[in-house]
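# Observations on the model geometry
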Amino acid sequence: MSQYIDPESIYAHFPANKSAPQRLIELLDWLDLSIDDTVGWFPEFTWTSLDWFFPPIDLSPYFGVFANLGDGSLLAYWFYEECDPRNPPIVVLGTDGELGVVADSVEELVARITSGKFPDTCWADLMVSFYLYRDGSLFSNLWEWAKEIWGLTDDVRDQLTASQPGANHPNLEEWMARLE
């Protein structure tokens, strides 16, 4: 069990009438059993309030926060009005105003983390250093798990990481500007 993971706090703070996607639950369960806190630094997979992010607008109906990247930047599911609530995109909400769609699904997020393939954007550095882990074995173990449990293959990983995340979603920066 990792000190960096508190799934119950995440599930309890998802937007009203939205539940944590099953694949996120599976990923958090695996990470909780697999992370060795003594060999590296990891994001905190725990709920974090969005009160500070875009005051005075309440963002809690739109975002299901599930990770703090260490500098205060957050990973969250984005439940915009027209999205499929069973598979919302994953976004980064950066402390310095970086905003962007990181992945169209948690499978794509895992594919990008394990391959290190992120678009060349202002938030990419936040994701490239997702884990500071001495021997890198967590990435290969994570990919082996995703292949076995989710049926992801190397070909699927290549397809997922070749696409531009967010191409099928509204522009997050423009969407946030409309909230003002």
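In the block above lies the structure referred to throughout.
In short, a report on the structure. (Residues numbered from 1 in each chain as written. Predicted model: local features only at pLDDT ≥ 70, side-chain atom pairs only at ≥ 80, totals over all residues. Heavy atoms only, no water.)

## A closer look at the sheet that holds strand 3 (residues 74–78)
Working definition: the strands of a sheet are paired by backbone hydrogen bonds and lie parallel or antiparallel to each other. What the four strands build is an open sheet, ordered 2-3-4-5; its pairing is antiparallel. For this open sheet the edge positions go to strand 2 (63–68) and strand 5 (99–103), each flanked by a neighbour on one side alone. On average, adjacent strands in this sheet sit at an angle of 35° to one another, irrespective of strand direction. Here strand 3 pairs with strand 4 (residues 90–93) via four bridges, running antiparallel. Looking at strand 4, one finds that Tyr77 is bridged to Ile90. Together, strand 2, strand 3, strand 4 and strand 5 form the strand contacts of helix 7 (residues 172–179), whose direction differs from that of strand 5 by roughly 135°. (Pairing = 2+ DSSP bridges. Helix = DSSP H or I, 4+ residues; strand = E, 2+ residues; numbered from the N terminus. Axes fitted to C-alpha atoms, helices over the stretch in contact; angles between N-to-C directions. Contact = heavy atoms within 4.5 Å.)

## Section: the layout of surface pockets
Taken as a whole, the largest pocket spans an internal volume of roughly 220 Å³. As for the largest pocket, its lining consists of 12 residues, of which Leu99, Gly100, Val101, Asn171 and Leu172 are closest to the centre. Taken together, the elements giving at least two residues each to the lining of the largest pocket come down to strand 5 and helix 7. Ranked by residue count, the leading element in the lining of the largest pocket is strand 5, at three residues. Among the residues making up the lining of the largest pocket, the classes are represented as six nonpolar, five polar and one charged. (1 Å grid on protein atoms, 1.4 Å probe; cavity = no way out; pocket = protein on both sides within 12 Å on 5 of 7 lines; lining within 4 Å. Points joined across faces, edges and corners; volume = space filled by probe spheres on them. Nonpolar A, V, L, I, M, F, W, Y, C, P; charged D, E, K, R; others polar.)

## Comments concerning the nonpolar core
Residues Phe63, Phe66, Leu93, Leu172 and Met176 are the most contacted members of the largest nonpolar core, which totals 54 residues. At the level of elements, helix 2 (22–34), strand 2, strand 3, strand 4, strand 5, helix 3 (106–115), helix 5 (137–150) and helix 7 are the ones that each hand at least two residues to this core. Among residues more than four places away in sequence, those in contact with Met176 are Phe53, Phe54, Leu59, Phe63 and Leu99. (Core = buried A, V, L, I, M, F, W, Y, C linked by side-chain atoms within 4.5 Å. Buried < 20%, exposed > 50% of the residue type's maximum accessible area, 1.4 Å probe, protein only.)

## Side note on the packing of helix 3 against helix 6 (residues 154–162)
It is at 9 Å that the axes of helix 3 and helix 6 come closest, and there the two elements cross at 95°. Between helix 3 and helix 6, the interaxial angle falls into the category roughly perpendicular. In this structure, helix 3 uses Glu107, Glu108, Ala111, Arg112, Thr114 and Ser115 to contact helix 6, whose residues at the interface are Arg157, Leu160 and Thr161. Here the contact of helix 3 with helix 6 is built from residues that sort into two nonpolar, three polar and four charged. (Parallel < 35°, antiparallel > 145°, perpendicular 65-115°, else oblique.)

## Observations regarding helix 6
Those residues of helix 6 that sit buried are Arg157, Leu160 and Thr161. Projected down its long axis, helix 6 carries its buried residues within an arc of 90°, all on one side. Every exposed residue of helix 6 that faces more than 90 degrees away from the buried side is listed here: Asp155, Gln159 and Ala162. (Arc of directions from axis to C-beta.)

## Overview of the environment of Tyr62
By secondary structure assignment, the location of Tyr62 is in the loop between strand 1 (40–41) and strand 2. Given a relative accessible area of 22%, Tyr62 falls into the partly exposed group. For the pair Tyr62 and Glu81, spaced 19 residues apart in sequence, the C-alpha to C-alpha distance is 8.3 Å. Setting aside residues up to four positions removed in sequence, Tyr62 forms contacts with Pro15, Tyr77, Trp78, Phe79, Glu81, Trp175 and Leu179.

## Some points on the environment of Glu8
The topology assignment puts Glu8 in helix 1 (residues 7–12). When its relative accessible area of 57% is taken as the criterion, Glu8 is described as exposed.

## Re helix 7
For helix 7, the full list of buried residues reads Leu172, Trp175 and Met176. Each buried residue of helix 7 lies within a common arc of 100° when the element is viewed along its axis, so the set occupies one face. Relative to its buried face, helix 7 has exposed residues pointing more than 90 degrees away, namely Glu174 and Arg178. Looking at the buried residues of helix 7, the elements they touch are strand 2, strand 3, strand 4 and strand 5. Capping of helix 7 at its N-terminal end is provided by Asn171; its side-chain oxygen lies 2.9 Å from the backbone amide nitrogen of Glu173. (Polar contact = N/O pair within 3.5 Å; in protein donor to acceptor, adjacent residues only side chain to side chain.)

By themselves, these figures tell us nothing about what the structure is for.
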